Amino acid sequence: MNNKRKIINDPVFGFINIPSEFIYQLIQHPFFQRLNRIKQLGLASFVYPGAQHTRFQHSLGAMHLTYEAIAILRSKGHEITQEEANGVLGAILLHDVGHGPFSHVLEYTIVKNIHHEDISLCMMKKINEEMDGQLDISLAIFNDEYPKRFLHQLISGQLDMDRLDYLRRDSFFTGVTEGNIGSARIIKMLNVKNDKLVVDAKGIYSIENFLTARRLMYWQVYLHKTAVSSEKMLMNTLVRAKELVEKGIKVFASPALSYFLENKVTNEDFRKDKKVLNYFSLLDDTDIWSALKVWINHEDKVLSTLSNFLIHRKLFKIEISSQPFEKEVIQGHLSRVAEKLAISEKEAAYLVHTDTISTNMYNREDDRIGILYNDGNVKDIAEASDMLNISLLAKKVKKYYLCYARI
């Protein structure tokens, strides 16, 4: 690295070393630098003002934890070559590079049925072309096609470094201390058995804390009702803007945002059309906020109202229920909003919305957490733990919500 040691001072983990010129090149790439302009938690700062951290910070943190995990696994006799280490570090560093503005909002609005993982893969392939195949191993690990399968589990699994970072980081920046986990302890307890990532038995209590903390963070932060409400407002705003553009109505937007408002972009387009990827790589939170400020004065009552509400934090009222809301209740809000704004009930549907939120913290079928004992036996955490109610954690919790404009 030209005899220069690159170090980043991170508020969560302290000094993070950039271990190689290869990793430094990835960090410097415009695709990765774009993550500096995308907040990790989207609109959660409406609830937790400290949640201003970015996907750039998160990705660096996940890379740091992966570097620590590699060192621990090597110390326990598991061979990980330098090429494999670079591969897994490259994969975790770029795992979120395909995220659009405000996390998952883009996936449900101006593009359809395209997940950020698919876009990340397209962007990684593009970077790989530019770097003459240096990401070949990273791509194989990312796609779970590399012979050492446990390396993929460091990227994507019940105990991946992505989760270990975002729980620590999101807890730190939101101030929700219940989400704080002992990531260093968990990493020190990592091991490999039969090509699967497992945890030494001494680390079982840290895993129990991890699963409990993750459940608390989902309901207190990621699925906080105000965050859900504001995200739905933004989604409806972008859907309305795209609908107006499709009708030939002029809507202000940056060139990157305009492209996605004016075109029906598919998964295939991302894979085959370089122009799509280039436009996407220029799209970040700034494009959305800039558009919202202008849309406040748009002639369309729905677009201007939603934009005004978001800019000035006049958020939808949201109600949570264990049962679906009565049709009469929903209709009452639609009629009220339509009358107040002098719009049709079809248009009022942008300001009244009902849906579900759900989560389960541990999926036994998906990816078990194995606990490794001194005699070499491995037990699933569900059997090994005498404290956790795994059946409760594995149960899918589903709630209904109704949000509507306060007019």
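Quick look at the structure, then. Since we're looking at a predicted model, the values are computed, not measured.

So, on to the overall build of the protein. Assigned secondary structure in the protein consists of 20 helices and 9 strands. For 407 residues, the compact-globule estimate of 2.2 N^0.38 gives 22 Å, and the protein sits close to it at 23 Å. Summarising its shape, the C-alpha atoms of the protein cover approximately 70 × 50 × 35 Å along the three principal directions. Out of the 407 residues belonging to the protein, those deemed buried represent 57%. Carbon and sulfur atoms form 48% of the exposed surface of the protein, whose accessible area is close to 18,600 Å². In the protein, which carries 52 positive and 50 negative side-chain charges, the distance between the mean positions of the two groups comes to 4 Å.

A sheet is described by the order of its strands in space; here 3 strands give the open sequence β5-β9-β6, paired in antiparallel fashion. Edge positions in the open sheet fall to β5 (317–321) and β6 (352–359), since each of these has one partner strand only. Adjacent strand axes in the sheet meet at a mean angle of 25 degrees, parallel and antiparallel pairs treated alike.

Moving on: the environment of Ser358. Among the secondary structure elements, Ser358 is positioned in strand β6. Ser358 gets classed as partly exposed once you look at its relative accessible area, which sits at 32%. When the C-alpha atoms of Ser358 and Val397 are compared, they prove to be 5.3 Å apart, with 39 residues separating the residues in sequence. Apart from residues lying up to four places away in sequence, Ser358 is in contact with Leu223, Lys396, Val397 and Lys398.

Direction of pairing for β5 relative to strand β9 (residues 397–404): antiparallel, over a ladder of 5 bridges. From the neighbouring strand, Ile320 faces β9, where its bridge partner is Tyr401. Strand direction decides the pairing type here: β6 and β9, joined by 8 bridges, are antiparallel. In the sheet register, Ser358 faces β9, and the bridge partner there is Lys398.

Let's shift gears to the sheet that holds strand β4 (residues 196–200). Ordered in space as β3-β4-β7-β8, the 4 strands form an open sheet in which the pairing is mixed. For this open sheet the edge positions go to β3 (190–193) and β8 (378–380), each flanked by a neighbour on one side alone. Neighbour-to-neighbour, the strand axes of the sheet open up by a mean angle of 45 degrees, direction not taken into account. Bridge count for strand β7 (residues 370–372) against β8 is 3 bridges, and the pairing is antiparallel.

Turning our eyes to something else, we now look at the side chain of Ser59. In this structure, Ser59 sits in helix α3 (residues 55–75). Given the relative accessible area of 0%, Ser59 is considered buried. Reaching out from Ser59, the side chain makes a polar contact with the backbone oxygen of Arg55 at a distance of 2.9 Å. Residues contacting Ser59, with those up to four places away along its chain left out, are Phe32, Leu35, Leu93, His95 and Asp96.

Our next topic: the environment of Lys148. Mapped onto the secondary structure, Lys148 falls in the loop between α6 (136–142) and α7 (150–155). Spatially, the C-alpha atoms of Lys148 and Lys196 are 8.7 Å apart, while their sequence positions differ by 48 residues.

What follows concerns the packing of aromatic side chains. Going through the model one piece at a time under the given rule, you end up with 10 aromatic pairs. Both rings, one in Phe32 and one in Phe56, keep their centres 5.0 Å apart while their planes meet at 50 degrees; by these two values the pair is tilted. In this pair, Phe32 sits in helix α2 (residues 30–33) while Phe56 sits in helix α3, placing the two residues 24 residues apart along the sequence. Between Tyr166 and Tyr222 the ring centres are 5.9 Å apart and the planes differ by 90 degrees, which places this aromatic pair in the edge-to-face class. Note that Tyr166 is positioned in helix α8 (residues 161–174) and Tyr222 in helix α10 (residues 204–222), a separation of 56 residues in sequence. Within the aromatic cluster, the residues linked to one another by ring pairs are Tyr259, Phe260, Phe270, Tyr279 and Phe280. When the ring centre of Tyr373 is taken as reference, the NZ or CZ atom of Lys379 above it lies at 5.8 Å. One residue, Lys399, lies across the ring of Trp219, its end atom 4.1 Å from the ring centre.

Right, let's talk about α8 for a bit. Between its first and last C-alpha, α8 extends 20 Å over 14 residues, near the 20 Å set by a 1.5 Å rise per residue. A side-chain oxygen of the first residue of α8 lies 3.2 Å from the backbone nitrogen of Asp162; this N-cap is Asp160. Two residues or fewer past α8, Gly175 is found with a positive phi of approximately 85 degrees.

What counts and what doesn't
Residues numbered from 1 in each chain as written. Predicted model: local features only at pLDDT ≥ 70, side-chain atom pairs only at ≥ 80, totals over all residues. Heavy atoms only, no water. Helix = DSSP H or I, 4+ residues; strand = E, 2+ residues; numbered from the N terminus. Rg over C-alpha atoms; globule rule 2.2 N^0.38 Å. Buried < 20%, exposed > 50% of the residue type's maximum accessible area, 1.4 Å probe, protein only. Areas by Shrake-Rupley, 256 points an atom, 1.4 Å probe, with all protein chains shown as cover. Lys, Arg positive; Asp, Glu negative; His and termini not counted. Charge placed at Lys NZ, Arg CZ, Asp CG, Glu CD. Pairing = 2+ DSSP bridges. Axes fitted to C-alpha atoms, helices over the stretch in contact; angles between N-to-C directions. Contact = heavy atoms within 4.5 Å. Polar contact = N/O pair within 3.5 Å; in protein donor to acceptor, adjacent residues only side chain to side chain. Phe/Tyr/Trp six-rings, centres within 6.5 Å; stacked < 30°, edge-to-face > 60°. Lys NZ or Arg CZ within 6 Å of the ring centre and 35° of its normal. Expected span 1.5 Å × (residues − 1).

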